[in-house]
Amino acid sequence: MADVAFPSDYARARADFLHAAEAAGARLRTFALPGHRGPDGGELCVDTAYVGPPGPEKLLVTVSGTHGIEGFCGSACQTGILLREGMAREAGPGTGVLLVHALNPYGFAYLRRVNEDNVDLNRNFVDHAAPPHNDAYDAVHAALVPPGSPGSRAFAPRELVAGLNALRDRLGPQTLQEAVTRGQYRHADGLFYGGVRPVWSQRVFRTVVAEQIAGAAHVAYIDLHTGLGERGVGEPIFRGGRDEHAHERARRWYGDALTASELGTSSSTPIVGNTATAVADGLGPGSRLTAITLEFGTQPGPEVLLALCADAWLHRHHPPAEAVRSGLKQLIRAAFCPADDAQWRERIGRRAREVFAQALAGLADAKPGDAG
């Protein structure tokens, strides 16, 4: 198939999504982020589009933009494949398709992986009264977010790279990745910060779960991400549910490509507080959740980490409206949205269609009360 069309910015992505949703006859709902506007002065919103019967027994849910800038890829897949190409209308009887667009609209608009509070939304779904502290992160924080004087000329990429390389040599790549990416709750200016309370996007998503997802007996959940794994490969990473047959069911749906962080087979190390937690929490007794992250690789891990460190430095020393125009943003764009690579775009489109079709086929085979 032809590659999906990537939007130029958040405003274009939202306009394309809403236009395609309306053309598909989807039922729309909008949640506007209070107190913030985009770089162009426009609203920042989470939009949901639903295609299917009222009160579906089976439901495919896809989410884009959990990690802001990764929404370029997720939005393109939702708009181009599920809506424009009609996959949302190909679902079987009693099956609905719900698309949650730009779950972190601030990060999407300002080219950040985190939200308006520097919070990683995919680490925010935890009990904040007793957060799962990550002691290993404490030891690497200073190297990831080094101090510096305000002004773009103070950014020192050579020193930052040298520090990251020294960490990697001392700890090993796997241990460093685990320390950095697991999620941490002590350093508000750091990477993968889970916050001290449920952020706005989390509250919105729990509302979506309660009002648009919870009634379904079988839920296929796909959270769309970029930045890990082999370039252009769409890796389905198991994220739940909680019944004993969930992993077996996911393997049947997605085949041998399915990986699991907890089993050490994934490009992702184990994380805490991800969005699938809210879906699992919100489903009724007896409901079946088959949840994955669909992760599209972009660059080698060291380059992605450098981009995250550079972006954290940039926003530590510059206001958002200035930071979003900085040349340093090219690093994070390349790390999470290399949309100028036509081959990458084509692989993304082909793989996304394949995985969405696998999810719909899995739902079609699900029977009432089927444990597996």
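Rules of the game
- Residues numbered from 1 in each chain as written.
- Predicted model: local features only at pLDDT ≥ 70, side-chain atom pairs only at ≥ 80, totals over all residues.
- Heavy atoms only, no water.
- Axes fitted to C-alpha atoms, helices over the stretch in contact; angles between N-to-C directions.
- Helix = DSSP H or I, 4+ residues; strand = E, 2+ residues; numbered from the N terminus.
- Left-handed = near helix turned anticlockwise from the far one by under 90°.
- Contact = heavy atoms within 4.5 Å.
- Nonpolar A, V, L, I, M, F, W, Y, C, P; charged D, E, K, R; others polar.
- Core = buried A, V, L, I, M, F, W, Y, C linked by side-chain atoms within 4.5 Å.
- Buried < 20%, exposed > 50% of the residue type's maximum accessible area, 1.4 Å probe, protein only.
- Pairing = 2+ DSSP bridges.
- Parallel < 35°, antiparallel > 145°, perpendicular 65-115°, else oblique.
- Arc of directions from axis to C-beta.

Visitor: Provide a residue-level description of the packing of helix α11 (residues 301-317) against helix α13 (residues 329-336), including the pertinent values.
Guide: Where α11 contacts α13, the axes come no closer than 8 Å and their chain directions differ by 140 degrees. Seen from above, α11 lies across α13 with left-handed handedness. Between α11 and α13, the contacting residues are V304, A307, L308, A310, D311, L314 and H315 on the first element and K329, L331, I332, A335 and F336 on the second. Looking at side-chain class alone, the contact of α11 with α13 contains 9 nonpolar, 1 polar and 2 charged residues.

Visitor: Describe the nonpolar core, and please don't skip the residues or the numbers.
Guide: Side chains that are nonpolar tend, in soluble globular proteins, to be buried together. L144, L191, F205, I213 and I222 are the most contacted members of the largest nonpolar core, which has 115 residues in total. Of all the elements, α11 adds the most residues to this core, at 10 residues. Residue contacts for I213: discarding those within four places in its chain leaves L59, V61, L98, V208, V219, V279 and L283.

Visitor: Hey, could you go over the pairing of strand β7 (residues 288-297) for me, with residue numbers and the actual values?
Guide: With 10 of its 10 residues buried, β7 lies for the most part within the structure. Where strand β5 (residues 218-231) lies against β7, 10 bridges are found, and the strand directions are parallel. Bridge pairing in β7 places D223 opposite T293. Both strand β6 (residues 234-240) and β7 contribute to a ladder of 6 bridges, which runs antiparallel. Bridging from a neighbouring strand, P236 pairs with L294 of β7.

Visitor: Outline the sheet that holds strand β2 (residues 45-51), listing residues and values.
Guide: Taken in spatial order, the 7 strands make up an open sheet running β1-β2-β4-β3-β5-β7-β6, and their pairing is mixed. Edge strands, defined here as strands with exactly one partner in the open sheet, are β1 (27-32) and β6. Across the sheet, the mean angle from the axis of one strand to that of its neighbour is 20 degrees, orientation sign disregarded. Contacting β1, β2 and β4 (95-101), helix α1 (residues 10-23) runs over the sheet at an angle of about 20 degrees to β2.

Visitor: Explain the packing of helix α6 (residues 157-171) against helix α7 (residues 173-181) residue by residue, including any values.
Guide: It is at 6 Å that the axes of α6 and α7 come closest, and there the two elements cross at 115 degrees. Compared by their axis directions, α6 and α7 come out roughly perpendicular. Residue-level inspection shows L164, L167, R168 and L171 of α6 in contact with α7, the latter providing P173, T175 and L176. Across the contact of α6 with α7, the residue classes break down as 5 nonpolar, 1 polar and 1 charged.

Visitor: Any details on helix α9 (residues 246-254)? Residues and values, ideally.
Guide: Taken residue by residue, α9 has A246, R249, A250, W253 and Y254 as its buried positions. When α9 is viewed along its axis, its buried side chains cluster within an angular range of 115 degrees and face the same direction. For α9, the elements touching its buried residues are β5, β6, β7 and α14 (342-365). Just past α9, the residue G255 takes up positive phi, approximately 75 degrees.

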